[in-house]
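# Notes for the structure review
Spelled out, the chains give:
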Amino acid sequence: MLETKDIGYWYDHQANALYRNVNLQFAEGKTYAIVGSSGSGKTTFLSLIAGLDKPSEGEVLYNGRAINKIGLTNYRNKYVSIVFQSYNLFTYMSALDNVLTAMAITNSQHKGDKEYAIDMLSKIGIDQDMAKKNVQRLSGGQQQRVAIVRAMCCDAKVVVADEPTGNLDETNTRETIELFQELAHAQGKCVIIVTHEPEVAKMCDETIELKNKEFTTKSAIKA
Amino acid sequence: MNFMNRAFLNVKAKKGRTLLLTLVLSAILMFVLAGILIQNAATTAAENAKESAGATVTLSANRENAFKKLNSSSSKSKKLSLASVSVKTAKKIASSSYIKSYNITTSTTANAKSFDAIETSSSNSSMSGGPGGKSNSSSSSNSTGDLTISGVSATSTVSSFSSGSYKITSGRGIRSSDAGTNNVVIEKELAKENNISVGSTIKIKSTSGTKYTLKVVGIYKASSTSSTSTGTMQSDPSNTLYTAYTFANKLKGSKYSGTADSVVFNLSNPAKANKFIKYAKSLINTNKFSVSKDDSTYQSMLTPLNNIKSFANKIVWLVAIAGTIILALIIILMIRERRYEIGVLLSLGEKRWKVIAQFFAEMFMIMIVSLVIAGIGGKFVGSALSKQLVSQQTTTTATTTSTTGNSTGGAPSGGGAPSGGGGGNSAPSGKSGGGNMMTTAASSTSSSQLSSQLSTDVDILSLAELGGFGLSIIFLSIMLASIGIMRLEPKKILIS
């Protein structure tokens, strides 16, 4: 589904490249964890596959088509959903409006379907009353779950998440990762999570470690 | 149209910011509206001034050429010879579309026979210049009477009457239908002193000795300011009798039949005075006759109005430019504060123009409220500002007019009669010989007219114009502030 072909990235000089010739493949219905030490470039890699930035060399392919050719805005709009560590919800909206807005922007097949959005929010424990309250009145865990529902409702086949559990406690972390697993296993999406937490990596189907400018794929060790 | 919904939610949720922006935009729009209102009011007032102030063009003998001829003459007995205007020519000129009305005037003097003229303190009988210099034309006689006979085609077209300086208090004024009759309109004081009323008959004697019986058809009252002069008896406004111009000609002699001393044309549009003069000159012998315009009232009204209009125009543009800059700076700060929101929108694949459109929609919603506030407040600001401007401008104009009047007051065209004393041609004669009295009167009239005409009422058109300015201001502000949005990269905002 998603493939990197000889991609490399550097800020100023090629000699100081974060990595080069990266060739990875991501399949639908699976969860992937990208792990590595701080500053290794895992978030940058995520931004490349999410279409937030362009690789210095090589290309990212979505179903065999280079995302540059699809158009990065178009790619983000139709094929990929992003979940951030700091949730990045619209603070002037309710949880429900956040979901509805994302659905409207991305032309989700459920665009404008309020009942669907409420139903999706209730699945993660946010009832109708809570869904209509401003998101800032929700806890961190609840806000992250709203962010995940927002990604779920956008109908994108690829979901990328940057340290989604970074601000959550153990219980919320487990519940969040379970949500991602449900996205992959029940809805057939390709979920790629950047994390530095081994526990999160363990819960994913595959782990890709970025170490010494090299990506190494490891089989998941299921708990 | 999701950006509209986002804009609405944002405006609704961020009440403090919305209120602040509403106040800023209201203040900007209020001053823009005040400027627009004053500008529109000044334009309307200038248009109205054309109607109300009017301008006159006088056709009379070319005195300059007559004096030149007199000076170059080698004859010992020098006598100023002024040509009389043909009524037929005057009527031909008056058929022009530029003319609203016209007044044929002929002045002469006569002596009271069946009543007594009002006597003034000291009389200088050697002074031969009648009001406005008209008695100069009575070249048939060297002696002068104690009454001024002002022959007109209609008193209503005489500037003293049309400006309100003189008022008919009883009976009626002279009409064009009085041509050929011996009807007369006399001054109230003269009537009172001699127990004359409307319907009475009075007798006068021409300077050549012929007696005439006149029928009083009306009594007028000269304004108090006009009767303060001293001089010859006939220069006292109370001793001025208004008759049909045909009667004045009869008094002067048979050779004056079908002529006039001068003809005053009232123009329908003062701005067309020069065009009319060109037209009139093509129909007359300019060596013998001259055409002079008097649009001082119109000009005295137009000058402050143009100044006000120019000032208002500057207010509109300065406030609009300053407002755009202020608003752009506020929006730039607002956008900086909302970088994450923009980043999320971009990461969701929202197009940049829709992000900009959201900000525009937010400002548009705020502008609607601001328009209402500005519409209410702008009227008061505009009214206060226009009053201040009118006050300043009329003071400046009055001072300027007074100075100009004093400098031209000594022109040697004879007369020295108070304004209106010379009848229909008082405006031109007042300007050239009578000093600044007429111009000051015009200035005071224009001042009051200006104040009353400069109405700053808010109408739909002004609000539409304001809406246009408002839209332009927010559009430019958003565009300026959006330069930042165009450069924003979602990765740099969201992933650090």
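What you are looking at is a predicted structure, and each value in this text was computed from that prediction instead of being measured.

To continue, consider the sheet that holds strand β2 (residues 19-26) of chain A. Residues and elements named next belong to chain A. Pairing in this open sheet of four strands is antiparallel, and the strands run β2-β1-β4-β5 from one edge to the other. The outermost strands of the open sheet, each flanked by one partner alone, are β2 and β5 (65-66). As paired elements, strand β4 (residues 57-62) and β5 share two bridges and run antiparallel to each other. Along β5, the bridge assignment pairs Tyr 62 with Arg 65. Sitting on the sheet, helix α1 (residues 42-49) touches β1 (2-9), β2 and β4, and the angle it makes with β1 is about 125 degrees.

It is worth spelling out the environment of B:Leu241 at this point. Residue and element names in this part refer to chain B. Along the chain, Leu 241 falls in strand β9 (residues 240-244). Linking Leu 241 and Val 184, residues 57 residues apart in sequence, is a C-alpha distance of 6.5 Å. Setting aside residues no more than four positions away along its own chain, Leu 241 makes contact with Leu 147, Thr 148, Ile 149, Ser 150, Val 184, Val 185, Ile 186, Leu 190, Ile 202, Ile 204 and Leu 214.

Let us now look at empty space enclosed by the protein. Tallied over the full model, the rule gives three cavities of 30 Å³ or more. In terms of lining residues, the second largest cavity is bounded by A:Ser81, A:Ile82, A:Phe84, A:Ala147, A:Arg150, A:Ala151, A:Cys154, B:Val344, B:Ser347 and B:Leu348. Of the residues that constitute the lining of the second largest cavity, the class distribution is seven nonpolar, two polar and one charged.

A word on the nonpolar core. In terms of nonpolar packing, the biggest core is built from 81 residues, with A:Phe45 and A:Ile192 touching the most fellow members. Residue contributions to this core peak at ten residues, all from helix α2 (residues 15-52) of chain B. Sequence-distant contacts of A:Ile192, that is, excluding residues within four places in its chain, are made with A:Leu2, A:Phe26, A:Tyr32, A:Ile34, A:Leu46, A:Ile49, A:Val158, A:Val159, A:Val160 and A:Ala161. Within the second largest apolar cluster, 40 residues are counted, among which are A:Leu89, A:Leu121, A:Val159 and A:Leu179.

Right, let's get into the pattern of salt bridges. Here the structure, examined in full by the defined rule, presents eleven salt bridges over all chains. Through salt bridges with shared partners, a single network forms among B:Arg17, B:Arg338, B:Glu341 and B:Glu362.

Okay, the pairing of strand β6 (residues 183-187) of chain B next. Residues and elements named next belong to chain B. Taken across its five residues, β6 has five buried, putting it largely inside the fold. Bridge count between β6 and strand β8 (residues 211-222): five bridges; the pairing is parallel. Each bridged residue has a counterpart across the sheet, and for Val 184 the counterpart in β8 is Val 216.

So, on to the state of the cysteines. Tallying each qualifying case throughout the model produces zero disulfides over all chains. The thiol of A:Cys154 is unpaired, and the distance to the nearest cysteine sulfur, on A:Cys153, comes to 7.0 Å.

Listed as interface residues are 21 residues of chain B and, on the opposing side, 26 residues of chain A. Buried area between chain B and chain A, both sides added, is near 2000 Å², and the carbon and sulfur share of it is 67%. For the interface between chain B and chain A, the tally reads one salt bridge. Viewed at the interface, chain A and chain B are joined by seven residue pairs in polar contact (both at pLDDT 80 or more). Where the side of chain B that touches chain A is concerned, the elements lending two or more residues are α1 (2-13), α10 (339-347) and α15 (490-494) of chain B. Tallied by class, residues from the side of chain B that touches chain A come to ten nonpolar, five polar and six charged.

Okay, the UniProt feature "transmembrane region" (unreviewed entry) in chain B next. Per the UniProt annotation, the sites labelled "transmembrane region" (unreviewed entry) are residues 315-335, 355-376 and 466-486 of chain B. From the first C-alpha to the last, residues 315-335 of chain B spans 29 Å; its make-up is 100% helix and 0% strand.

Residues and elements named next belong to chain B. For chain B, mean pLDDT is 77; residues scoring 70 or higher make up 76% of the total. Of all helices and strands in chain B, the one with the weakest mean pLDDT is helix α12 (residues 426-432) (35), whereas β6 scores best (94). Contacts from residues 122-142, a stretch scored under 50 in pLDDT, to residues over four places away or in other chains number 42 contacts. Counting interchain partners and residues more than four positions distant, the pLDDT-below-50 stretch residues 225-231 has twelve contacts.

In a pair of packed helices, the angle between the axes and the distance between the axes together describe the arrangement. Residues and elements named next belong to chain A. Interhelical geometry of helix α7 (residues 140-153) versus helix α8 (residues 170-185) gives an angle of 5 degrees and a closest axis separation of 10 Å. The orientation of α7 with respect to α8, classified from their angle, is roughly parallel. Residues Gly 141, Gln 144, Arg 145, Ile 148 and Met 152 of α7 pack against Asn 172, Glu 175, Thr 176, Leu 179, Phe 180 and Leu 183 of α8. Partitioning the contact of α7 with α8 into residue classes produces five nonpolar, four polar and two charged.

Okay, helix α5 (residues 114-123) of chain A next. All names here are of chain A. Of the residues making up α5, those classed as buried are Tyr 116, Ala 117, Ile 118, Met 120 and Leu 121. The elements touched by buried residues of α5 are α4 (95-105), α6 (128-131) and α7. Measuring from the side-chain oxygen of the N-cap residue of α5 to the backbone nitrogen of Glu 115 gives 3.3 Å; that N-cap residue is Asp 113. Just beyond α5, the residue with positive phi is Gly 125, at close to 90 degrees.

Residue and element names in this part refer to chain A. Summed over all chains, the structure comprises 23 aromatic pairs over all chains. A ring pair is formed by Tyr 9 and Tyr 11, whose centres lie 5.3 Å apart and whose planes are at 90 degrees; its orientation type is edge-to-face. Site record: aromatic cluster; members linked through ring pairs are Tyr 19, Phe 26, Tyr 32, Phe 45 and Phe 215. The ring of Phe 90 is capped by Arg 150, whose NZ or CZ atom sits 5.8 Å from the centre of that ring.

Procedures and definitions
Residues numbered from 1 in each chain as written. Chains lettered and ligands numbered in written order. Predicted model: local features only at pLDDT ≥ 70, side-chain atom pairs only at ≥ 80, totals over all residues. Heavy atoms only, no water. Pairing = 2+ DSSP bridges. Helix = DSSP H or I, 4+ residues; strand = E, 2+ residues; numbered from the N terminus. Contact = heavy atoms within 4.5 Å. Axes fitted to C-alpha atoms, helices over the stretch in contact; angles between N-to-C directions. 1 Å grid on protein atoms, 1.4 Å probe; cavity = no way out; pocket = protein on both sides within 12 Å on 5 of 7 lines; lining within 4 Å. Points joined across faces, edges and corners; volume = space filled by probe spheres on them. Nonpolar A, V, L, I, M, F, W, Y, C, P; charged D, E, K, R; others polar. Core = buried A, V, L, I, M, F, W, Y, C linked by side-chain atoms within 4.5 Å. Buried < 20%, exposed > 50% of the residue type's maximum accessible area, 1.4 Å probe, protein only. Salt bridge = Lys/Arg side-chain N within 4 Å of Asp/Glu carboxyl O. Disulfide = S-S within 2.5 Å. Buried area = accessible area lost by both parts, 1.4 Å probe. Polar contact = N/O pair within 3.5 Å; in protein donor to acceptor, adjacent residues only side chain to side chain. UniProt positions renumbered as here; feature names shortened; annotations may be inferred. pLDDT = per-residue confidence, 0-100. Parallel < 35°, antiparallel > 145°, perpendicular 65-115°, else oblique. Phe/Tyr/Trp six-rings, centres within 6.5 Å; stacked < 30°, edge-to-face > 60°. Lys NZ or Arg CZ within 6 Å of the ring centre and 35° of its normal.

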